[in-house]
Amino acid sequence: MAEKFSSGISPAAMFLIQAREKREQWEAGRATSAHIQVQALVGIFSYLYERVRTFVEFPEEHLIRRLAIERILKRRTMFSIERGDDFARSLITELITARYLPNDWVPEGAIANLAAIVAKYQALARGLKGKISGGQDLCLVLASREIEEALLPHFEDAALVSCAVKVLAQTALAGDLSLAIRPLLLEVAVRQTLLREDQNTISFALLKNLVPEFSNFGAPSPEAVVEAMDFIKRLLRHPALPFLNTRARTARPIFLLVQAAFLHVDQEILEQGERHRDLELKIQDIIFERFEKAKKARFWSIIRVLIYIFLSKVLLLLLLELPYEKYLAGGIQTLPIIINLVTPPLFILILTSGVRSPKVKAVSSMIQEVTAVLREGRFAEAGKRLMRQQRVKHNPFFQGLFWSLYALFSFAILGAVGYGIARLKFSAFGLVIFYTFMSLVGFFGYRIRASFADAVPLRIREPLFVTFFDLLFLPFMHLGRYMARTFQKINAVVIFLDMLIEVPFKAFFGVMEDWLTFVKEKKEDITRDS
């Protein structure tokens, strides 16, 4: 039976009240400290460089800063001779100049904390040597996660995870799981679906629970870390996890609205149970506000994909496609080049269209769900129905048959498209370019539409033509997901930027920052003497 707190807020939702209090305390401490400042001129060029990298790498929005910290930490570990506080200060300064952190905002005390974190993982890397494969890389990614958390604590996200796990644990969703691993599996599912964390970030969060000394600045036992990482790997491969992810993903809009309510609704309204109508009106306003913001975000995501396609396509056209067509394929064919330029943008526009505004009934249902979680720590009727849907245990024969039919369908679609464009005098290289860009665009477009679904109430139906279009181009989307993951590891442009551009570029602007700081100090000396 769901518990109810005397103030009108459920125990599950109380995690978010505590997060708000922690945030206020942290902000009060930060505001009273001296802050780190950098020169604006240096920051402009560093910011522009980071934006170029974002277009080239095309990571998900919430991973941009996290990956930047990992990359900066790796480069500075390899090429910098700085140690201790100097290393930490340089790291923070670079994050500020690239606008991953606000200027004149990070407290000076963060330098000592970051220096301790770096020293902790350097000691752990030495201890893991020979005990685990890829220990150096593991320490690098874990250090980047802890540095981000030290600079920008994730109080609200941690509270959202605790709230969602407590609510989901009361449903039939977790009924057949072992009591020992039930909370951990639910936490993994929530982190993967609600926060969209990657495996490295999830591993860092779980390590803090499994290895108590991991949260301290001292290096944890390498043996304990190896044992915990082995357990985490098994947990991430648990057969029940895909089903839990599916159900938790369905409830994602509910929990995100619960979090938004704590961020934007007065605590007085939240705590007073008799102000039920005021709370519902506030939640309704948040729903429509998030929907409008999501529409704008979708528009800019489409623009970003189009720029990415244009830059990549022009680069390939000039460096590879035109020389190949001219010297190896017997002459330049204009029509295939035009099709390769025009088709991917049209594909992304069609794929991201067709999202309707939330209907009154859907909004009303969502308000009931959010209110139930806030007041009683449980789902209302619509949420309960979704959670009662049990995992389908497919007959192995039919499962194999379905996979075979899907494989045949995929090859038929890809083959038919390939045959059709080959008739238009595409060269072999032109075919490769066509498949590559159509698949990547299909994957990116589907990702944009999926992110938009977070801001809308449950079960908004898409137009029939969009559903048919999805089915027709599903093979391209799957191929695009595979390509995106593969290209992320072997992206030649990124390797070029890392080794030949970023190292000298950042070194030059580091010297510029030191020079401008020196000049500023000399000007201040004159002011003091006068």
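Residues numbered from 1 in each chain as written. Predicted model: local features only at pLDDT ≥ 70, side-chain atom pairs only at ≥ 80, totals over all residues. Heavy atoms only, no water.

### Describing the overall build of the chain
The test is simple: In this description a helix means any DSSP run of H or I spanning at least four residues, a strand means any run of E spanning at least two, and both kinds are numbered starting from the N terminus. Type-normalised accessible area, obtained with a 1.4 Å probe on protein chains alone, sets the label of each residue: buried when under 20%, exposed when over 50%, and partly exposed for intermediate values. Contacts are residue-level and defined by heavy atoms, with any inter-residue pair within 4.5 Å sufficient. Using a 1.4 Å probe, the Shrake-Rupley method yields the accessible areas, and only the shown protein chains count as cover for residues.
Scanning the chain for helices and strands turns up 21 helices and zero strands. Here the chain holds 530 residues, and 45% of them are scored as buried. Counting contacts in the chain only where the partners sit at least 6 residues apart, residues at least 24 apart contribute 79% of the total. On the chain, roughly 27,800 Å² of surface is accessible, and the fraction owed to carbon and sulfur atoms is 62%.

### Section: helix H4 (residues 84-97)
Under the convention used in this document: For a helix, the expected span equals 1.5 Å multiplied by the residue count minus one.
Between its terminal C-alpha atoms H4 stretches 20 Å, which fits the 20 Å expected from 14 residues at 1.5 Å a residue. For H4, a buried count of ten out of 14 residues is recorded, marking the element as mostly surrounded by other parts of the structure. Directly beyond the C-terminal end of H4, a positive phi value near 65° is found at Arg99.

### Considering the nonpolar core
Counted only if it meets this: Nonpolar cores were defined as sets of buried Ala, Val, Leu, Ile, Met, Phe, Trp, Tyr and Cys residues, with membership established by side-chain atoms within 4.5 Å.
Residues Phe255 and Leu374 are the most contacted members of the largest nonpolar core, which totals 100 residues. The element contributing the most residues to this core is helix H5 (residues 109-128), with ten residues. Those residues in contact with Leu374 that sit more than four places away from it in its chain are Gly8, Ile9, Ser10, Ala13, Val258, Ala261, Phe262, Leu270, Leu279 and Ile283. Tyr308, Phe426, Tyr435 and Leu440 belong to the second largest nonpolar core, which has 24 residues in total.

### What about the packing of aromatic side chains?
The condition is simple: The pairing test for Phe, Tyr and Trp rings, Trp by its six-membered ring, is centres within 6.5 Å, and the orientation test on the planes gives stacked under 30 degrees, edge-to-face over 60, and tilted for anything in between.
If you walk through the whole model with that rule in mind, you get five aromatic pairs. Aromatic pair Phe255 and Phe379: ring centres 5.7 Å apart, planes at 65°, arrangement edge-to-face. With a gap of 124 residues between them, Phe255 in helix H12 (residues 252-264) and Phe379 in the loop between helix H16 (360-376) and helix H17 (381-388) connect regions that are remote in the sequence. For Phe255, a relative accessible area of 1% puts it in the buried group.

### Let's talk about the packing of helix H8 (residues 182-193) against helix H10 (residues 222-236)
Defined as follows: Lines are fitted to the C-alpha atoms to define the axes, a helix being fitted only along its stretch in contact, and any angle between axes, read from their N-to-C directions, falls within 0 to 180 degrees. Small angles under 35 degrees read as roughly parallel and large ones over 145 as roughly antiparallel, with 65 to 115 read as roughly perpendicular and the rest as oblique. Handedness of a crossing is defined here by the sense of rotation of the near helix relative to the far one, left-handed for an anticlockwise turn of less than a right angle and right-handed for a clockwise turn.
Close contact between H8 and H10 brings their axes to 10 Å; oriented N to C, the two are set at 70°. Regarding the angle of H8 to H10, the classification is roughly perpendicular. Two packed elements cross with a definite hand, and for H8 against H10 that hand is right-handed. In this structure, H8 uses Leu184, Leu185, Val188 and Gln192 to contact H10, whose residues at the interface are Phe231, Leu235 and Leu236.

### Observations concerning a nonpolar patch on the surface
Note the cut-off: The residues that make up patches have over 30% relative accessible area and no salt bridge, and they are joined within 9 Å when like-charged or within 5 Å when they are Val, Leu, Ile, Met, Phe, Trp or Tyr. A carboxyl oxygen of Asp or Glu within 4 Å of a side-chain nitrogen of Lys or Arg is what we treat as a salt bridge.
A contiguous nonpolar patch, built from Ile338, Leu341, Val342, Leu346 and Leu349 and spanning about 410 Å² of accessible area, is present on the exposed surface. Structurally, the position occupied by Leu346 is in helix H15 (residues 334-351). Given a relative accessible area of 49%, Leu346 falls into the partly exposed group.

### Side note on helix H1 (residues 11-31)
Here H1 spans 31 Å end to end across 21 residues, near enough to the 30 Å set by a 1.5 Å rise per residue. Looking only at H1, the buried set comprises Ala12, Ala13, Met14, Leu16, Ile17, Ala19, Arg20, Arg23 and Arg30. Buried positions along H1 lie against helix H7 (155-168), H12, helix H13 (267-271) and H16.

### Quick look at the pattern of salt bridges
Tallied over the full model, the rule gives 16 salt bridges. With a shortest N-O distance of 3.1 Å, Arg145 and Glu70 are connected by a salt bridge. Separated by 75 residues along the polypeptide, Arg145 in helix H6 (residues 135-151) and Glu70 in helix H3 (residues 64-79) bring together distant segments of the chain. Owing to a relative accessible area of 3%, Arg145 belongs among the buried residues under this scheme. One salt-bridge network, held together by shared partners, links Arg65, Arg66 and Glu148.

### With respect to the environment of Ala68
Assignment of secondary structure puts Ala68 in helix H3. The buried category is assigned to Ala68, whose relative accessible area is 0%. Sequence separation between Ala68 and Leu95 is 27 residues, and the spatial gap between their C-alpha atoms is 8.2 Å.

### Here we look at unusual backbone geometry
Positive phi outside glycine occurs at Asp104, with the angle close to 55°. Structurally, Asp104 can be placed in the loop between H4 and H5. On the accessibility criterion, Asp104 (38% relative accessible area) is partly exposed. The phi dihedral of Arg196 is positive, around 55°, even though this residue is not glycine. Note on placement: Arg196 falls in the loop between H8 and helix H9 (199-210). A relative accessible area of 26% means that Arg196 is categorised as partly exposed.

### Quick notes on the packing of H7 against H8
Here is the rule: Three classes are used, and their members are as follows: Ala, Val, Leu, Ile, Met, Phe, Trp, Tyr, Cys and Pro are nonpolar, Asp, Glu, Lys and Arg are charged, and the others, Gly among them, are polar.
Contact pair H7 / H8: the axes reach a minimum separation of 9 Å and the direction vectors enclose 125°. In terms of orientation, H7 lies oblique with respect to H8. By crossing handedness, the relation of H7 to H8 is classed as right-handed. On H8, the residues that touch Val161, Ala164, Val165 and Leu168 of H7 are Pro183, Leu186, Glu187, Val190 and Arg191. Its residues placed into classes, the contact of H7 with H8 shows seven nonpolar, no polar and two charged.

### Digging into the confidence of the model for the chain
Note the cut-off: Per residue, pLDDT captures the predictor's confidence, and it can take any value from 0 to 100.
Averaged over every residue, the pLDDT of the chain is 77; residues scoring 70 or more account for 75%. Segment residues 1-6: pLDDT under 50, and 13 contacts once partners within four positions in sequence are set aside and those in other chains are kept.

### Considering the side chain of Thr436
Put simply, the test is: N or O atoms within 3.5 Å of each other form a polar contact, as long as, within protein, one can give a hydrogen and the other can take it, and as long as residues adjacent in sequence are counted only when both atoms are side-chain atoms.
Considering the arrangement of structural elements, one finds Thr436 in helix H19 (residues 428-452). A distance of 2.7 Å separates the side chain of Thr436 from the backbone oxygen of Val432, its partner in a polar contact.

### Quick look at the environment of Ser133
Here Ser133 shows up in the loop between H5 and H6. For Ser133, a relative accessible area of 73% gives the class exposed. The sequence separation of Ser133 and Val226 amounts to 93 residues, and the corresponding C-alpha distance is 9.9 Å.

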